[in-house]
Amino acid sequence: MITAIVLIKTSVDRIPEIAERIAALEGITEVFSVTGTYDLIAMVRVRQHEDLAEVIPGRISKIPGVEATDTHVAFRTYSQHDLEAAFAIGLDN
């Protein structure tokens, strides 16, 4: 699974509408409205690198009101959930 974090600049008056449209796209797992330089952050999870091109420039960038994107591809995922699962392997409670 390939994970990408997409930082998105939008038309400020259309943030909720744009966020809902992005969230409805295949390959998008979450969309966050945030403070700072960007207006939205979308989490993209796809099977192959080629699928990123379909989702990000092929769909997200074409939504009216999306002004710019900045994409970061994740190498690894670290989370408390993952660590708990790793340490629990083979242990019976």
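All values reported here derive from a predicted model rather than from experimental measurement.

A. Quick look at the environment of P64. By secondary structure assignment, the location of P64 is in the loop between α2 (49–55) and β4 (66–73). Between the alpha carbons of P64 and I18 there is a distance of 7.8 Å; along the sequence they are 46 residues apart. Every residue in contact with P64, bar those within four places of it in the chain, is listed here: R14, I18 and R21.

B. Spatial organisation of the pattern of salt bridges. Evaluated as defined, the whole model comprises 3 salt bridges. Notably, a salt bridge pairs R14 with E17, separated by 2.7 Å at the nearest N-O pair. Salt-bridge contacts for R59 lead to E54; the nearest nitrogen and oxygen are separated by 3.3 Å. Accessibility expressed as a relative area gives 28% for R59, which makes it partly exposed.

C. Up close: the packing of aromatic side chains. Across all of its chains, the model carries 0 aromatic pairs by this definition. A cation sits over an aromatic face here: K9 above Y38, 5.5 Å from the ring centre.

D. Region of interest: the side chain of T10. Note that T10 resides in strand β1 (residues 2–10). T10 gets classed as buried once you look at its relative accessible area, which sits at 3%. Not counting residues within four places of it along the chain, the set of residues in contact with T10 comprises I15, I18, D39, L40, G65 and E67.

E. Fine view of the sheet that holds β4. Strands sit in the order β2-β3-β1-β4 across an open sheet of 4 strands; the sheet is antiparallel. The open sheet has two edge strands with one neighbour each: β2 (28–33) and β4. On average, each strand axis in the sheet is inclined to that of its neighbour by 20°, with strand direction left out of account. Running at roughly 165° to β2, helix α1 (residues 15–23) makes contact with β1, β2, β3 (40–46) and β4 of the sheet.

F. Representation of the pairing of β3 in the model. Of all 7 residues in β3, 5 are buried, a share of seventy percent or more. In this structure, β2 lies alongside β3, joined through 5 bridges in antiparallel fashion. From the neighbouring strand, V31 faces β3, where its bridge partner is A42. A loop of 6 residues connects β2 with β3, the two strands running antiparallel in sequence, and G36 in this loop sits at a positive phi of about 110°.

G. Fine view of the environment of E20. Turning to its location among the elements, E20 is positioned in helix α1. Separated by 11 residues in sequence, E20 and V31 place their C-alpha atoms 8.1 Å apart.

The rules behind each value
Residues numbered from 1 in each chain as written. Predicted model: local features only at pLDDT ≥ 70, side-chain atom pairs only at ≥ 80, totals over all residues. Heavy atoms only, no water. Helix = DSSP H or I, 4+ residues; strand = E, 2+ residues; numbered from the N terminus. Contact = heavy atoms within 4.5 Å. Salt bridge = Lys/Arg side-chain N within 4 Å of Asp/Glu carboxyl O. Buried < 20%, exposed > 50% of the residue type's maximum accessible area, 1.4 Å probe, protein only. Phe/Tyr/Trp six-rings, centres within 6.5 Å; stacked < 30°, edge-to-face > 60°. Lys NZ or Arg CZ within 6 Å of the ring centre and 35° of its normal. Pairing = 2+ DSSP bridges. Axes fitted to C-alpha atoms, helices over the stretch in contact; angles between N-to-C directions.

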